[in-house]
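Read off the chains here:
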Amino acid sequence: MVAISPPTQGPSGLKAAQLSAVTNMLLALSNIDSDDNNKSGGGSTYGQQQQQQQRDANPWKLLIYDTHTRSIISPLLSVSQLRSNGVTLHLLLNSDREPIPDVPAVYFVQPTQENLSIIARDCSRNLYERAHLHFSTRIERPVMEEFARLVVNTGGLSSVASVHDQFVDFVCLENNLFSLNVPQSYCVYNNPGATERDMELAMGNIATGLFSVVATLGCVPVIRCPRGGAPEMVARKLCKLIAEHPTLIRSKDGLHKSHNRPVLVIMDRNMDLITPVQHASTYQALVDDVLDHKANRVEFNVKQDANATAGRGRAPPVVRKKLDIDPDIDPFYSQHKFNPFPEAIESNGAELQEVSAREQQIRSKTGGASAPAAVVSPGGGDSTELATAVESLPVLLDRKKKLEVHTSILQAVMNEVAARDVPQFYELETSLATGSYKNDPSSAKKEVIELAADPSKGNVNDKVRLVIVYALSNGVGNTSDIDEVAQAMKESLETKGSTISADGAAGSAAAAEGGGSHGTLTKEDRILLESGLRAIDYLKKLRSMQMIPTMSSMMQTEVSGGTASSGSDMLSSFMARATNQATGLLAKATDKLGTMLGKTHKHRSTIAVENICEMRPNTEDDEYLYLDPRVRGDVDVAALRNAARAPVREAIAFMIGGGCYGEYQNLQMVANERRSVTYGSTEIVDPSTFLNHLAKLA
């Protein structure tokens, strides 16, 4: 498998732009207060030098946010960074808060009726010296007027110092990854019981969120989307919002030159339901799949040394680890998050060995007479070299600490990968999705049944995901075949159970605790099985009504890593070189990981975005709507064929209904040194969460 290099991103990226907007929000407080005291104006946009000047003169303040805006700030600013911007205390809006009458407060919240009522109550009680109100998105005029009446009637008007719309209503997890943080978004717009008003409201909220992305970038994109359904609804609403904005539509530059505008491709999750449930093979996608991973925080259990409890008759204690990893700042994660998992382990071992050797070399130079290199010559050359080496030690130790963090994460992932035989599921699912069994459906069914019915392979969700990939793959089975496979999985789980339960415990031990009566399934696993079967039934209905495409024709092989034997050779080669403790565990499962070094395939969304960026005829570039907020009405793409179009330097791919790290990574295949690809979705979901969404619609 050829690794996908992380895209390079300059200071004008989406995350940097959002960070600048939020920082300005915090720093603008001193500017507003000085306006009142000194009658001197101040702008709302600051360069780095102006921001630093504001920090130096910035008064201490409180930050009040709701749960939604907290998720916006969390990936952008740490607690120490908030403090450097003058924030002494940050509190939830709906929490019990004590009065601090001599300190101003910055409210950063959604403009909901509930939030505005709480703010009005705070102002009437004079909880803080002054209240600076910042809304994550536009506050509608009727809501604003109602809030004004409420503040006046409760006597809190004098406490309100300023009111601002910020247009930052999205969560930017990485430079090229964002989410609108809409919970259960796939259920919302696929719910058969949803009314037309419900759909209009849901699509309007998505369009408003995307408008925040566009406004933060300060650009006017060309909008492309398939005809009909949710994408067209969102695209037209967004196009109207941009066209009616008084300043954005007239902007010439922003972060982009007007002749080199980004292309925003809006897509529907139903175009590809395999990707969010398919097993992954790369570092970041596996972290999100097998560990608890949310908002760049990873959590997993670690068993302590058994020697600590030896002779006491107790099992080794389990400690919950919580680690924050920033994909943009952490050098190892930034470089290797898209790499195949075995390569990430190899790189971690090699870098850790290199850093440890360098550390030992420096320490030996400061070890006294026993270290000849520490002897200082009259010329002072060795002294200078020694001083330089000692000065580099803190940086080296910091790098070593970060590498050791990844060693522990890699170990936790490896525990799950090896115990659940994830590579075997990945290999079979990839073969199904790419049409390898199209001319041999009987073999496909046989292999799926064998793996799904094997109690020693995978947990309940692993098996359900395999059956779903089988059900959605083209030419490998009809409805009766899907029923047969699902029934075989169900009977095997109910009679034989699963060696690995949902929480990673051994099946028999967990069953004893759960009081299960069906094989060795725990109560939680039985619930997961029932939920999984409902998800399969839902997809069978969609397939029978031809509401979703089957997938083998929708994926293309991009790069071949060689045969299975060459993958094993590559794995054996790096096993011989790697020496850290993570690869020590990997040695126990060498044969299980060779398949993760196989082929890379372009997913459906990647193909669509690439066709549009390359302007290929008879593809999505001709089929998708072309909406330009600067132009009235739809643009005829056929007429553009004879005109010269500027090359696409930036693409924004947006998925309605939930996105995943596997799709984010795959889309980077479209990126190159001349083009960046940003990926966004209504929410980022892991495979287990998406299975729950499918089950709720059954």
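Everything discussed here concerns the structure shown above.
As the structure is a prediction and not an experimental result, all values here were calculated from the model.

### A word on the sheet that holds strand 3 (residues 105–109)
Judged by pairing direction, the sheet is parallel, and its five strands sit side by side in the order 2-1-3-4-5 without closing on themselves. The sheet is open, and its two borders are formed by strand 2 (87–92) and strand 5 (160–165), each paired with just one other strand. Direction aside, neighbouring strands of the sheet carry axes that sit 20° apart on average. By the bridge criterion, five bridges tie strand 3 to strand 4 (residues 131–135) in an arrangement that is parallel. When the sheet's bridge partners are listed, Val109 is paired in strand 4 with Phe135. Contacting strand 3, strand 4 and strand 5, helix 5 (residues 113–125) crosses the sheet at an angle of about 170° to strand 3.

### What about the pairing of strand 8 (residues 222–225)?
The two faces of strand 8 match: Val222 and Arg224 on one face and Ile223 and Cys225 on the other face are all buried. Pairing of strand 8 with strand 9 (residues 263–268), which is carried by three bridges, proceeds in the parallel orientation. Across the sheet, the residue bridging to Arg224 is Val265, located in strand 9. Relative to strand 15 (residues 625–627), strand 8 runs antiparallel, the two sharing three bridges. Looking across to strand 15, one finds that Ile223 is bridged to Leu627.

### Quick notes on unusual backbone geometry
In this structure, Asn296 is a non-glycine residue whose phi angle is positive, near 65°. Here Asn296 is to be found in the loop between strand 10 (292–294) and strand 11 (297–303). With relative accessibility at 8%, the residue Asn296 sits in the buried group. Phi at Met615 takes a positive value of approximately 55°, unusual for a residue other than glycine. Within the fold, Met615 resides in the loop between helix 23 (604–613) and helix 24 (620–623). We classify Met615 as buried; its relative accessible area is 19%.

### Observations concerning helix 14 (residues 422–433)
Given a rise of 1.5 Å per residue, 12 residues ought to cover 16 Å, and the 16 Å separating the end C-alpha atoms of helix 14 matches this to within 8%. Of all 12 residues in helix 14, 10 are buried, a share of seventy percent or more. Of the positions making up helix 14, those classed as buried are Val422, Pro423, Phe425, Tyr426, Leu428, Glu429, Thr430, Ser431, Leu432 and Ala433.

### A closer look at the pattern of salt bridges
If you walk through the whole model with that rule in mind, you get 39 salt bridges. Residues Lys337 and Glu174 are paired through a salt bridge, measuring 2.4 Å at the closest nitrogen-oxygen approach. On the criterion of sequence distance, the pair formed by Lys337 in the loop between helix 11 (331–336) and helix 12 (341–365) and Glu174 in strand 6 (residues 171–174) is long-range, its members being 163 residues apart. Just as Lys337 is buried, Glu174 falls in that class too. The partner of Glu673 in a salt bridge is Arg674, and the shortest N-O contact between them spans 3.1 Å. Among the residues examined, Glu673 registers a relative accessible area of 67% and is labelled exposed. Connected via shared salt-bridge partners are Arg224, Asp621, Asp622, Arg641 and Arg645.

What counts, and where the lines are drawn
Residues numbered from 1 in each chain as written. Predicted model: local features only at pLDDT ≥ 70, side-chain atom pairs only at ≥ 80, totals over all residues. Heavy atoms only, no water. Pairing = 2+ DSSP bridges. Helix = DSSP H or I, 4+ residues; strand = E, 2+ residues; numbered from the N terminus. Axes fitted to C-alpha atoms, helices over the stretch in contact; angles between N-to-C directions. Contact = heavy atoms within 4.5 Å. Buried < 20%, exposed > 50% of the residue type's maximum accessible area, 1.4 Å probe, protein only. Expected span 1.5 Å × (residues − 1). Salt bridge = Lys/Arg side-chain N within 4 Å of Asp/Glu carboxyl O.

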